Amino acid sequence: MALHGIKGALTLGGLDLEDVRMIDLPAPPVEQPTAAGMRRLWLGLEWLAEGRVDAVYVKGAAAAETAARLGLTVGLDLDAYPSRLARVNNGTPRPITVHEHMIEQHFDLVVRFLEQALRAADWASTNLPRLQHILAQETLAGIAAVGAAYRNDFHRSLHPDLSADRTEMLRNQANFLWHHGFLDEAVDVDRWIDARPLEAALRRRAAADAGSLEPV
């Protein structure tokens with residue numbers, strides 16, 4: 001995640017990974033999720049504050065909270081750029097995945113899950129304050145940090161979809177992971193995607209809105 005984030009920032013400046021010297025940081029200890037544990041996910045911020053590195057990549061509310069506490073400055077905000085390709089990473093896009101067996105043998109369960117995801121996105125689109133409270137609990141961070149990390153009407157774009165731009169972002173991420181050795185082989189994203197469950201969930205939702213329930 002950090003490697004792709006750094007690459008994205010460098011690309012916006014006309015540079016590449018070969019133009020900087022990467023420094024590996026020690027892995028954080030494995031522990032139960034606590035506020036302190038979430039902050040330790042971004043140990044690079046401590047190194048940056050100590051002057052041991054020149055820049056680090058971080059994401060999320062816990063990182064924003066830690067950066068503010070240490071008095072650090074955001075050098076480049078990937079979320080500020082119009083193209084979402086600038087911030088392709090582990091969480092952008094965030095794919096919903098199940099094993100092929102689940103789709104073939106329990107198709108209705110997958111469809112019902114997606115229906116609930118669509119309903120949750122509907123709710124989130126008009127309930128930002130309550131959504132921020134949930135995110136604060138999820139990220140173990142304060143409301144101010146959640147507001148700093150999640151912006152730009154993000155709550156209005158949480159519906160699962162297979163739009164061309166999200167598919168392209170996923171393809172970009174898969175190619176990056178393969179190119180840098182995180183995947184053993186290349187992934188044909190277009191073949192990997194199975195649109196049937198989402199299409200069925202959308203049909204069922206439309207039928208329910210119209211006053212009937214369409215069988216899967």
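By convention here, each chain's residues receive numbers from 1 onward along its written sequence. Two thresholds apply to this predicted model, a pLDDT of at least 70 for residue-level local features and 80 or more for giving and counting side-chain atom pairs, whereas whole-chain, interface and lining totals are computed over all residues. Side-chain metrics rest on all non-hydrogen atoms present in the structure, leaving aside hydrogens and water.

## Focus on the environment of Leu 158
Strands are runs of DSSP state E lasting at least two residues, helices are runs of H or I lasting at least four, and both sets are numbered from the N terminus onward. When you line up the elements, Leu 158 lands in the loop between helix 8 (143-149) and helix 9 (164-179). Only protein chains enter the accessibility calculation, which uses a 1.4 Å probe; a residue is then buried when its area is under 20% of its type maximum, exposed when over 50%, and partly exposed in between. On the basis of relative accessible area, Leu 158 is assigned to the partly exposed category, the value being 39%. Linking Leu 158 and His 4, residues 154 residues apart in sequence, is a C-alpha distance of 22 Å. Any two residues whose heavy atoms approach within 4.5 Å at even a single point are treated as in contact. Leu 158 has contacts with Ala 121, Ala 124 and Leu 131, leaving out every residue within four places of it along the chain.

## Focus on the environment of Leu 162
With respect to the secondary-structure elements, Leu 162 resides in the loop between helix 8 and helix 9. Taking the relative accessible area as the measure of exposure, Leu 162 reaches 40% and is therefore partly exposed. Distance in space between the C-alpha atoms of Leu 162 and Asn 89 is 17 Å, their sequence separation being 73 residues. Among residues more than four places away in sequence, those in contact with Leu 162 are Thr 167, Ile 193, Ala 195 and Leu 198.

## Some thoughts on the pattern of salt bridges
In a structure, side chains of opposite charge can pair up when their charged atoms sit close to one another. Whenever Lys or Arg places a side-chain nitrogen within 4 Å of a carboxyl oxygen from Asp or Glu, that contact is recorded as a salt bridge. Within the structure shown, the criterion is met by 15 salt bridges. A salt bridge links Arg 151 to Asp 77; the shortest N-O distance between them is 2.3 Å. Of this pair, Arg 151 sits in the loop between helix 8 and helix 9 while Asp 77 sits in the loop between helix 4 (60-69) and helix 5 (100-105), placing them 74 residues apart in sequence. Given a relative accessible area of 28%, Asp 77 falls into the partly exposed group. Among the ionic pairs, Arg 205 bridges to Asp 122, the shortest N-O distance being 2.7 Å. Of this pair, Arg 205 sits in helix 11 (residues 196-209) while Asp 122 sits in helix 6 (residues 107-124), placing them 83 residues apart in sequence. A residue is classified by how much of its surface remains accessible, and Arg 205, at 24% relative accessible area, is partly exposed.

## A closer look at the confidence of the model for the chain
For every residue, the predictor reports its confidence as pLDDT, a number between 0 and 100. Chain-level pLDDT for the chain is 89 on average; 91% of the residues reach the 70-or-more range. At the level of individual helices and strands, the chain shows its lowest average pLDDT in helix 2 (residues 35-40), which scores 57, and its highest in helix 6, which scores 97.

## Considering the packing of helix 1 (residues 2-12) against helix 9
The N-to-C vectors of helix 1 and helix 9 enclose an angle of 110 degrees; their axes lie 11 Å apart at closest approach. As summarised for this structure, helix 1 and helix 9 are arranged roughly perpendicular, according to the angle between their axes. For the pair helix 1 and helix 9, the sense of crossing is right-handed. Between helix 1 and helix 9, the residues in contact are Leu 3, His 4 and Lys 7 and Asn 172, Gln 173 and Phe 176, respectively. In this analysis, axes come from line fits to C-alpha atoms, helices being fitted only over the stretch in contact, and the angle between any two N-to-C directions falls in the range 0 to 180 degrees. Roughly parallel means an angle under 35 degrees; roughly antiparallel means over 145; roughly perpendicular covers 65 to 115; every other angle is labelled oblique. Helix crossings are classified by the rotation of the near helix relative to the far one: an anticlockwise turn of less than a right angle makes the crossing left-handed, while a clockwise turn makes it right-handed.

## Some words on the packing of aromatic side chains
Aromatic pairing here means that ring centres of Phe, Tyr or Trp (its six-membered ring) are within 6.5 Å. Orientation follows from the plane angle: under 30 degrees is stacked, over 60 is edge-to-face, and everything else is tilted. Taken as a whole, this structure holds one aromatic pair when the rule is applied. If you follow Arg 52 out to its NZ or CZ, it ends over the ring of Trp 47, 3.8 Å from the centre. A ring is scored as having a charge over it whenever the NZ atom of a lysine or the CZ atom of an arginine sits within 6 Å of its centre and within 35 degrees of its normal.

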